[in-house]
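Below are the chains, spelled out letter by letter.
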Amino acid sequence: MNILKNIYNKKIFQIKYYYEITSKKIKNKNIFYKFFNYIIFLFICAFILMPEIISIFLILIIISYMSVSIYSKRYIYSSVDNIPYNDVALVLGTSKYLYNGQINMYFKFRMDAAYELYKSGKVKFILVSGDNRYRSYNEPRQMRLDLIKLGVNKKHIFLDFAGFRTRDSIIRANKVFELSNFTIVSQPFHNERAVLIARQKKINAIAYNAHNVRKLYRIRQFPRELGARALMFMDILLNRPPKFYGDTIKIEEREDIIKDKSNKIDKKIKTGDF
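Residues numbered from 1 in each chain as written. Predicted model: local features only at pLDDT ≥ 70, side-chain atom pairs only at ≥ 80, totals over all residues. Heavy atoms only, no water.

Student: Help me understand the pairing of strand β5 (residues 181-186) in this model?
Tutor: Walk down a regular strand and you will see the side chains alternate between the two sheet faces. When you tally the buried positions in β5, you get 5 out of 6 residues, the bulk of the element. In terms of strand pairing, strand β2 (residues 88-92) meets β5 through 3 bridges, oriented parallel. From the neighbouring strand, A89 faces β5, where its bridge partner is T183. Examined bridge by bridge, β5 and strand β6 (residues 204-209) share 6 bridges and lie parallel to one another. Each residue of the ladder has a partner; that of F182, found in β6, is A205. In this fold, β5 hands off to helix α7 (residues 188-200), which returns the chain to β6; that crossover is right-handed. (Buried < 20%, exposed > 50% of the residue type's maximum accessible area, 1.4 Å probe, protein only. Helix = DSSP H or I, 4+ residues; strand = E, 2+ residues; numbered from the N terminus. Pairing = 2+ DSSP bridges. Right-handed = clockwise from strand over helix to strand, strands pointing away.)

In C-alpha cells, the structure reads:
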C-alpha cells in the first residue's frame, strides 16, 4: 500500500508542477494562447495517468460485455426441447467459406441449428439475413441453398438481402418483415448481443444457440466481440437505423418464388443512394 501511495503522490506532484508552469506561462496572454496551453497540460496529465486510464477503460469494457451476457441469458436456449415456439427463425448471416477456402464452421452450425428448430416444429418459417453488398457475394442465397439441402421446404425460406450488420437484421425483421416475435439463430456470444438489440427495440425475440466453434477460434473472436458490443451501445445511444429498409414483405407460405423486394438494395448500392 505504501508503494502505491508513493507512486500516486509522485504523480499528483507532477501534475501540480506542470499546472504551475502552465499558469505562469499563460499569465497576461490572450484566450487562444491560454486554450492551446491548457490542451497541452491535459495531454501531459493524460500521459502521466495513462496506466490508470487504460485500466478504467478495460474495466468498463468488461463490465459492459458481462452486462450483455447477464441480461440476455434468460432469453437464450440451448435445448430444442425447452425453447418456445415462434413462427419464424431469424438466422444471422456469415460467409460460408473462410479466406483459405475451408468451410466456416460458424456458418455450418447456424444452418444445422436452424434446421433442427424447423425439423422439431419449433418454427415454421426461416428468414435468412445477411450481406449482399456485391453481386459476387450473397450470404442469404447461400444460406437458402444449404437449408434446402438439409431438408427445409423452399417455400418456407425467406431472404433478407440487406442484413449488413446484426442491428440491421434485427430491425429489418421487425420493420420490413413485420415480425414482433421471432427466434434468433447464431452462436451464444452473438445471440447475447442480438437479443439485447431486439429487446431494446421492444421486440419479443428469443434465441437458439447454434453449436459453438472450437475454443481456439472463440478466443480469437473475443476481441472482435468486445468491439462489437461497444459499438452496439453506441448504436443504441444514437438510435442508428439500418442502412436500408425497403418494401414490406409478409412471411407466409407461398410458391417457390424468391421475392426480390428487399433485394432492391443492389440498385441502391450501385448508385450509392441510401
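Student: Would you explain the nonpolar core in this entry?
Tutor: Among the nonpolar cores identified, the biggest contains 28 residues, and V91, L117, I126, V128 and L147 are the most heavily contacted of them. Put simply, the parts of the chain that give this core at least two residues each are β2, α4 (105-119), β3 (125-129), α5 (139-150), β4 (157-160) and β6. In terms of residues, this core owes the most to one element, α4, which gives 8 residues. With residues up to four places along the chain from it excluded, the contact list for V91 reads R110, M111, A114, I126, L127, V128, S129, M143 and V185. One finds Y75, V88, I184 and M232 within the second-largest nonpolar core, a separate group that totals 27 residues. (Core = buried A, V, L, I, M, F, W, Y, C linked by side-chain atoms within 4.5 Å. Contact = heavy atoms within 4.5 Å.)

Student: Mind showing me how you'd approach the packing of helix α3 (residues 50-72) against α7 here?
Tutor: Axes are the key here: two packed helices are described by the angle between their axes and the distance separating the axes. Interhelical geometry of α3 versus α7 gives an angle of 75 degrees and a closest axis separation of 9 Å. Of the possible angle classes, the one that applies to α3 and α7 is roughly perpendicular. Together, Y65, V68, S69, Y71 and S72 of α3 and F189, E192, R193, V195, L196 and R199 of α7 make up the contact between the two elements. Classifying every residue of the contact of α3 with α7 gives 6 nonpolar, 2 polar and 3 charged. (Axes fitted to C-alpha atoms, helices over the stretch in contact; angles between N-to-C directions. Parallel < 35°, antiparallel > 145°, perpendicular 65-115°, else oblique. Nonpolar A, V, L, I, M, F, W, Y, C, P; charged D, E, K, R; others polar.)

By themselves, these are just geometric observations and shouldn't be taken as functional.
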